[in-house]
Amino acid sequence: MKQFSAEQLNQVQAIIARYPEGKQKSALIPLLHLAQETFGGWLDTETMDYIAALLTIKPIEVYEVASFYSMFHMKPVGKHVFEVCQTGPCMLNGSDEIIAYIKEKLGIEAGQTTADGLFTLKPVECLGACGYAPMMQLGKHYKEFLTKEKVDQIIEELRTASKH
Amino acid sequence: MSKKILLEHAHIEGIRFYETYRKNGGYRSVEKALKMSPDDIVEEVKKSGLRGRGGAGFPTGMKWSFLAKPEGVPRHLVCNADESEPGTFKDRYLMEFLPHLLIEGLIVSSFALGSNATYIYIRGEYAWIPDILEQAIAEAKANGWLGKNILGTGFDCEIYVQRGAGAYICGEETALIESLEGKRGNPRIKPPFPAIQGLWMRPTVVNNVETLAAVVPIINMGGDEYAKIGVGKSTGTKLLSVCGNVNKPGVYEIDMTISVEEFIYSDAYCGGIPNRKKLKACIPGGSSVPILPANLLLKTAKGENRMMNYESLADGGFATGSMMGSGGFIVLDETQCIVRHTMSLARFYNHESCGQCSPCREGTGWMYKILKNIEYGHGKMSDIDLLWDVQRKIEGNTICPLGDAAAWPVAAAIRHFRDEFEWHINNPVEAQTRNYGLAHYADPIHVPTV
């Protein structure tokens, strides 16, 4: 049974307290972020039902929101998700080549995860880093001005870190 | 060099933190504003001529004056930090480097509008910025600028940061409100406007980050003084985020009196185009606004220098002009392919359509598929007219402006670069190995011999 820790439950209460009485549904997106971070990087039905119960809303109200927003993963992903921007401004600066290089280097297609479960490649649309293109989101932060060498370095560092 | 009023202190070490920000004149506008009446603040903002910096350019003071004030019903200010228009990253810059400027603007604006609970809705991908904003909020609160009975005036205000989760549509104010209520980001039918029934059906004002930050200098210098900066109805300064093929991409503050040519080629701004390549085209205000070929970008149809302000960029309407939009300035050099670029934008809008209105849901998919066919050598000559027809049927036929935003880039690309589309269709094999280049667009534009 999935459950937030006592500390996280306090955090949940603090989030709900930001809204007027009876408007606790406003906490849904913040709670889905917290759930995705806590329960393995994606949202399964059990997790979504748990959030529904916490907010006393219907499960369908959670499903329809979780499936609408592109940051919520509805199926398992690798430990590290390479969310590479492919929209116009990044494309002008070579994002197509970066995406092709990651595919070749990791031996996966867009949307796939490496066999060791470490990496998922997810081409995404504009992330607001157009002046620092090409770029990708890696967890909480952005990796900008990407080159093939920089991609090599990122992959190497994450592989090394996973061995420890 | 343009006057800087928003980014004046951006270069100061530690300006992100309260002590340094305060030492450099921070929070003076709160001291001043809280001695004024809320209506007088709205009046100053009206006098300033400030126009919404998110893209639509609607006069901020007027938007504020529409806010309904029924007895006993709480009102809310919501800061739109869902910056998602391709080419736009100016709000991110403001929030990362000058978080207190936004918080200061929010306190003054919350007081003017009577919002005791103000929300910053920030796009989910800017995942590290809420920490920066929350620290600034905590510092402001610790120093008495937020919380209960601010400066002994009896005014209470809290600011909360809420992350979105990846949806361009949530930059549209009613979709943003839906999302803040914990729902899918489907825009609402207007009326009622948010000023009457917004967040939780309460009167609400939604303003862009840069707009709310601009309230600080307006209060400090007075609306009349602010209105003297700039030209005509383009008052004050505007942040531009520059990307694409320029030597110095980044965020610049301009006072809207310089020419487009100076902006692109001057070392004070974009610094010209890398490797001395020629300018092919530019989208001056975020991916939704019409793309212009170099000749129409630098000169209006009347042959006048085009200037970096709302009126001049729009001169000629969509036939020969564009828009200031969000200030996302995207530059394309001579090696770029208009068909591929337009296809990329069409994919973006197809991905981001919320699916509520069929012209947008279906039409954006059609446009992307047709453009993909042309780009990959499977296009027919009739596809160009079909594309035109589809975009025309989306525009104006949807609940929110995403439909227009998806239609305009396609329309402008065909309007100005039709021969490049035809070349792609006539030369499907060659088009896979080389780009069309400049053709007639470069004349009479040349690389300046600086």
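Position labels on residues start from 1 in each chain and follow its written sequence. As they are written, the chains are lettered A onward and the ligands numbered 1 onward, keeping that order. Only residues with pLDDT of 70 or above have their local features reported here, since the model is predicted, and side-chain atom pairs are shown and tallied only from 80 upward, although totals for entire chains, interfaces and linings are computed over all residues.

J.: Talk me through the overall build of chain A; I want residue IDs and the actual numbers.
T.: Secondary structure follows DSSP: runs of H or I at least 4 residues long count as helices, runs of E at least 2 residues long count as strands, and numbering of each begins at the N terminus. The number of helices and strands found in chain A is 7 helices and 4 strands. Along chain A, helices (α) and strands (β) appear in the sequence α-α-α-α-β-α-α-β-β-β-α when read from the amino end. For the C-alpha atoms alone, the extent of chain A along its principal axes is close to 50 × 35 × 25 Å. By residue count, 39% of the 164 residues in chain A fall in the buried class. Nonlocal contacts in chain A, meaning residues at least 24 apart in sequence, comprise 57% of its contacts between residues at least 6 apart. To sort residues by exposure, count the other C-beta atoms lying within 10 Å of each residue's C-beta; 20 or more gives buried, 12 or fewer gives exposed, and values between give partly exposed, all with C-beta atoms placed from the backbone. Note that contacts rest on C-beta atoms placed from the backbone: two residues are in contact if these are within 7 Å.

J.: Tell me about the domain arrangement of chain A, residues and numbers included.
T.: In this document the domain limits rely on a domain assignment from an automatic tool or a database. In terms of domains, chain A is made up of domain 1 (6-66) and domain 2 (80-163). A C-alpha centroid distance of 29 Å is found between domain 1 of chain A and domain 2 of chain A.

J.: Explain the interface of chain B and chain A residue by residue, including any values.
T.: It is common to report an interface's size as the accessible area lost on association of the parts. Chain B puts 46 residues into the contact, and the matching count from chain A is 35 residues. Here the side of chain B that touches chain A takes 6 residues from helix α15 (residues 338-352) of chain B, the largest share from any one element. Three classes are used: nonpolar for Ala, Val, Leu, Ile, Met, Phe, Trp, Tyr, Cys and Pro, charged for Asp, Glu, Lys and Arg, and polar for all others, with Gly counted as polar. By residue class, the composition of the side of chain B that touches chain A is 17 nonpolar, 20 polar and 9 charged.

J.: Kindly report on the sheet that holds strand β2 (residues 117-122) of chain B, identifying the contributing residues and their values.
T.: Residues and elements named next belong to chain B. With parallel pairing, the 4 strands of this open sheet are ordered in space as β3-β2-β1-β4. Each end of this open sheet is capped by a strand with a single partner; those strands are β3 (158-163) and β4 (204-208). Here the strands of the sheet are splayed against their neighbours by 20° on average, with no regard to which way each runs. For two strands to count as paired, DSSP must find a minimum of two bridges between them. Here 6 bridges tie β2 to β3, and the two strands are oriented parallel to one another. Throughout, an axis means a line fitted to C-alpha atoms (over the contacting stretch in the case of helices), and angles, computed between N-to-C directions, take values from 0 to 180 degrees.

J.: So what about the nonpolar core? Which residues, and what values?
T.: Generally speaking, nonpolar side chains in soluble globular proteins are found buried as a group. One nonpolar core equals one set of buried Ala, Val, Leu, Ile, Met, Phe, Trp, Tyr and Cys residues connected by C-beta atoms within 7 Å. With 179 residues, the main nonpolar core has A:Leu32, B:Val108 and B:Val331 as its most contacted residues. Once residues within four sequence positions are removed from consideration, B:Val331 is found in contact with B:Gly244, B:Asn245, B:Val246, B:Ile264, B:Cys270, B:Ile273, B:Leu279 and B:Cys282.

J.: Tell me about the packing of helix α1 (residues 6-16) of chain A against helix α2 (residues 28-38) of chain A, and name the residues and values.
T.: Residue and element names in this part refer to chain A. Their axes nearest at 10 Å, the elements α1 and α2 cross at an angle of 165°. Between α1 and α2, the interaxial angle falls into the category roughly antiparallel. The handedness of the crossing between α1 and α2 comes out as right-handed. In this structure, α1 contributes Gln8, Val12 and Ile15 to the contact, and α2 contributes Pro30, Leu31, Leu34 and Thr38. Looking at the contact of α1 with α2 residue by residue, the class counts come to 5 nonpolar, 2 polar and no charged. For classification purposes, angles smaller than 35 degrees are called roughly parallel, those larger than 145 roughly antiparallel, those between 65 and 115 roughly perpendicular, and all remaining angles oblique. Put simply, a crossing is left-handed when the front helix is turned counterclockwise from the back one by less than a right angle, and right-handed when it is turned clockwise.

J.: Lay out helix α4 (residues 59-66) of chain A in plain terms, naming residues and giving numbers.
T.: Residue and element names in this part refer to chain A. By the burial criterion, the buried members of α4 are Val62, Val65 and Ala66. Viewed end-on, α4 has its buried residues packed into an arc of 95°, placing them on one side of the element. Turned more than 90 degrees away from the buried face of α4 sit Ile60 and Glu64, all of them exposed. The inward-facing, buried residues of α4 contact α2 and α3 (45-54). The arc refers to the directions leading from the helix axis to the C-beta atoms.

J.: Can you tell me about the domain arrangement of chain B, naming the residues and giving the values?
T.: Residue and element names in this part refer to chain B. One can read the domain layout of chain B as domain 1 (18-227), domain 2 (234-333) and domain 3 (338-434). Of note, the centres of domain 2 and domain 3, computed from C-alpha atoms alone, are 23 Å apart. Facing 10 residues of domain 2, the contacting portion of domain 3 comprises 10 residues. Class assignment for the residues of the side of domain 2 that touches domain 3 results in 8 nonpolar, 2 polar and no charged.

J.: Break down the environment of B:Ala136 for me, citing the residues and quoting the values.
T.: All names here are of chain B. Assignment of secondary structure puts alanine 136 in helix α7 (residues 129-142). On a C-alpha basis, the gap between alanine 136 and lysine 90 in space is 19 Å, while along the polypeptide they are 46 residues apart. Sequence-distant contacts of alanine 136, defined by excluding residues within four places in its chain, comprise Pro99, His100 and Ile103.

J.: Before we move on, can you summarise the environment of B:Asn186 with the specific residues and values?
T.: All names here are of chain B. Within the secondary structure, asparagine 186 sits in the loop between α8 (173-180) and β4. Asparagine 186 gets classed as partly exposed once you count the C-beta atoms within 10 Å, which come to 19. Filtering out sequence-adjacent residues up to four positions away, asparagine 186 remains in contact with Ala175, Glu178, Cys354 and Gln356.

J.: Any details on the packing of α3(A) against α4(A)? Residues and values, ideally.
T.: Axis angle and axis distance: for two packed helices, these are the angle between their axes and the distance between the axes, and together they describe the pair. Residues and elements named next belong to chain A. The contact between α3 and α4 brings their axes to 8 Å, and the two run at 120°. Overall, the two elements α3 and α4 adopt an arrangement that is oblique. Between α3 and α4 lies a crossing whose hand is right-handed. Listed contacts from α4 to Met48, Asp49, Ile51 and Ala52 of α3 are Pro59, Glu61, Val62, Tyr63 and Ala66. Tallied by class, residues from the contact of α3 with α4 come to 7 nonpolar, no polar and 2 charged.

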